[in-house]
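Here are the chains, one letter per residue:
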Amino acid sequence: MKSSLVAVSAAVVVATLVTGLKDRAALQERFGLGPAGKPVPELMMMGRIKPADAPGGNSEFNAQLVADKIEAITSSPPPAPDTSAPDAAAQQPEVPPPVASQPAAPQTAAPPAPVTPPIVSEPPTPQQAAAPPPPAVDESALRYFASRGDKLRLQAEISRLQALYPNWVPPADPLAVPQNGDKQLEAMWQLYSDGRYAELRKAIADRQAADAGWQPPADLLDRLDVAEARARLINASDLKQFATVVDTAAATPSLLTCSEIDILWRVAEAFIRTERTQRGQDAYTYILKNCPNPAERQATVEKASTLLAYQPMQALLALERPASEGSSEFDAIRDNLARRFMAEGNDDPNLAIAPDYVARLEKLAATEGLASDALLLGWYQLRRNNDADAEKWFRAARAKQDSAAASQGLALALIARKAPQEAEEVMFRWRADSEDATSTYLAATANLMALQPPADLAEDVLHRVAAEVIARKYAPTAQQFGWYARSLNQFQTAARWFETALAWKPDDEPSAYGLVITREQLSDRKGVLDLQRAWAGRSTRITKLEDTSSLTPNAVATEKGTLAPQQPVQPTQSPRPTAAQPLPAEQGPAQQPEPEVAVGAARPSLQTVTVQRGPRQTRGCSTTIDAGQLSPADALSRGWCLMDINRPMEAISAFEAALQSPARKVREDAAYGQSLAYLRAGLSGNAAVAATKAPQNRQRAAELQVAILADRALSAFDAGRYRETLIYLDQRAQLQQERIDLMVLRGYCYLNLKMYGDATRIFEAAAATGSRDAARGLADVRNVTHPDVND
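Below, the structure is looked at part by part.

Quick notes on the side chain of Asp669
Its place among the elements puts Asp669 in helix H30 (residues 664-680). Its relative accessible area of 9% is what places Asp669 among the buried residues. Among residues more than four places away in sequence, those in contact with Asp669 are Leu636, Trp640 and Arg700.

A few points about helix H32 (residues 698-718)
Between its first and last C-alpha atoms H32 spans 30 Å; for 21 residues at 1.5 Å apiece the expected length is 30 Å, and the two agree. Within H32, the full set of buried residues consists of Leu704, Val706, Ile708, Leu709, Ala710, Asp711, Ala713 and Ala716. Structurally, H32 contributes buried residues whose contacts are with H30, helix H31 (684-691), helix H33 (722-733) and helix H34 (740-752). Directly beyond the C-terminal end of H32, a positive phi value near 80° is found at Gly720.

Some words on unusual backbone geometry
For the peptide bond that leads from Gln452 to Pro453, omega is 0°, which places it in the cis range. Considering the arrangement of structural elements, one finds Pro453 in the loop between helix H21 (435-449) and helix H22 (459-472). For Lys418, which is not glycine, the phi torsion reads 65° and is therefore positive. Under the relative-accessibility criterion, Lys418 is labelled exposed at 59%. The phi dihedral of Asn489 is positive, around 65°, even though this residue is not glycine. For Asn489, the location among the structural elements is in the loop between helix H23 (475-487) and helix H24 (491-504).

Some details on the nonpolar core
Within the largest apolar cluster, 96 residues are counted, with the highest numbers of intra-cluster contacts made by Val267, Tyr284, Val301, Phe341, Ile353, Val469 and Phe481. If you look at the next biggest cluster of nonpolar residues, it comprises 25 residues, including Leu636, Ile652, Ala658 and Ile708.

Overview of the state of the cysteines
A complete count under the given rule lists one disulfide for this structure. In this model, Cys258 is linked to Cys291 through a disulfide, with the two sulfur atoms separated by 1.9 Å. Looking down the S-S bond of the Cys258 and Cys291 bridge, the torsion is -90°, so its handedness is left-handed. Of this pair, Cys258 sits in the loop between helix H10 (242-251) and helix H11 (261-273) while Cys291 sits in the loop between helix H12 (277-290) and helix H13 (294-305), placing them 33 residues apart in sequence. The pair Cys258 / Cys291 is uniform in exposure class, with both members buried.

The rules behind each value
- Residues numbered from 1 in each chain as written.
- Predicted model: local features only at pLDDT ≥ 70, side-chain atom pairs only at ≥ 80, totals over all residues.
- Heavy atoms only, no water.
- Helix = DSSP H or I, 4+ residues; strand = E, 2+ residues; numbered from the N terminus.
- Buried < 20%, exposed > 50% of the residue type's maximum accessible area, 1.4 Å probe, protein only.
- Contact = heavy atoms within 4.5 Å.
- Expected span 1.5 Å × (residues − 1).
- Core = buried A, V, L, I, M, F, W, Y, C linked by side-chain atoms within 4.5 Å.
- Disulfide = S-S within 2.5 Å.

Right, here's the structure in full:
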């Protein structure tokens, strides 16, 4: 009886469990185990994943496994298979595989697998038999685009439907899908296709008013909502309303797909402009991970490089895919990327650019010979105190094109290696080009006058340095002029220079000390006492100054008169000297002292003046900004910077903003720069117009005219207008001697016009200079005139 009771109980338990297997969710609920599957991670915007918390416990309940164990215990053992039979294995019953949607749980809970964005999501695993039927797919838009033969929109619609309904299979021949029978609906789709969204809204409302039972397709309404959101987002982006861009994108996630690549670019920029750089980088990463179009991927990297810094860009470049024949997909833009990264390294001396980019730019500078590339390398090395390498590249840049930036960099490198005399010569021509150029020139003059032993300077050099120092009221060089005059025993001149320096910078203690010891040696006791009273409590060596009669020329300073020259600083504005503090004469240190003065003076042990190398004003143009928001002077600097990194179309806009300046010099430079930018872009007609926007001096006007005529000649030749080419070349030759390459161009014009004698004469003259192109031109003439002589 007892055994029968146990058997009945076991049978009841087995029946309950076996029945529960048919509804696993109910079984798990009965056992209080929660859902069988793991929580699905939450898919955030731009494909970012926010995984849910892992379920508690170390393992999950597997109802199938429990049922199998109970069945094995309660069932009678199966007969042993006859291994002697050849098909014994085939006669064994197969164990049904577990349902794909309910895999067996591992022993330990694993984190949720990442969920890919909608446009690239993997198809879901087959659902179990009890799964609900798939939702109906609204194919009305698909039928409309197919009927119109609009393959581009048709493919975009197929991609959208596949993203929304992963199990949906598009028709084998979408263009064969029959047209909609509803003519009014066809007209609505036409309005949508034409972008007439307001009219479409009205058409829907009118039909609903006329036919209360009609409802527009849900797909049409959804697409209309998305289209209007797209228009709002693009408008906000164009107006620089970046917060609105982000909000609109967040409210319309269906826009964030590879089929809307422009929207993704705008959202990425909006994130970065609103100081959410990581989110912007995530957007670019999403594109490079999921979007396959090569042109769009390359454009993504180019756009990102104008907004992201060097380190985030390396993370994006790591997503580069291999191309054909062992190359990489971004090889075509890697040269420009190297230039941008080096420009960023110029602005930040602590940024270490990968050696590959440095080597690439060095190769470009050697092969293409662009002055802008050599300038980038020069500033990069100078900012890292590699003065020898910097000097090499700045010299190369000046050899290609002597400019203020190249001369300034070379001067700084020369000052660093203690060659201020050459630095002054290099910068004198460009001393008034900009504030940076002026500061560099004045620093070179201070270092020049501070050389020990004193430099043997020519009269004209002393005159021009003195004139610039007086014009700029630069106290450091004026002070050095005082010490220089003392070294030549010109104490009256030294006193005047020290007085001038103090007039420009009243708190300049080294100048005050130089003046007090000079007055002492000139026996000007009243002047000494006046200085001591003025500096009481501020300078011990001035107030305790006693006898300086023991000082002799070139002697070492005494303990009571230790001389410490001042380092040059940025010039500051101060009142003009009064009548009691006269300016030095134009002859400066060449003025002789009074005959009765015979007391020597000590020359201080001076140090070389260094220049604080802050970021140049012309740098910092690697990002895209609206030049119209800058001041004319800043816009002008930005224009030249953009020309340095070979972005002429953006430079044109910057120069246009600078043309609004009230200063005539700024307008002249802006018109000149805009003309050069148009020429570099191959728009000689626009360059001629830009040159007239402000009057130019004779040298610049001639230079622009020569360049414009040469560009027009090349354009006419490319178009096959050879007589017109000769006219432009003749006009240019009246302004400047013809270059060898243009002589070759002239020769080919004659050849194409069948003027073989003139062509031969031109080619022979050019070939005499060693031109290979001219030699090839001679061979071409011979091939035409004497074909039987040539093989």
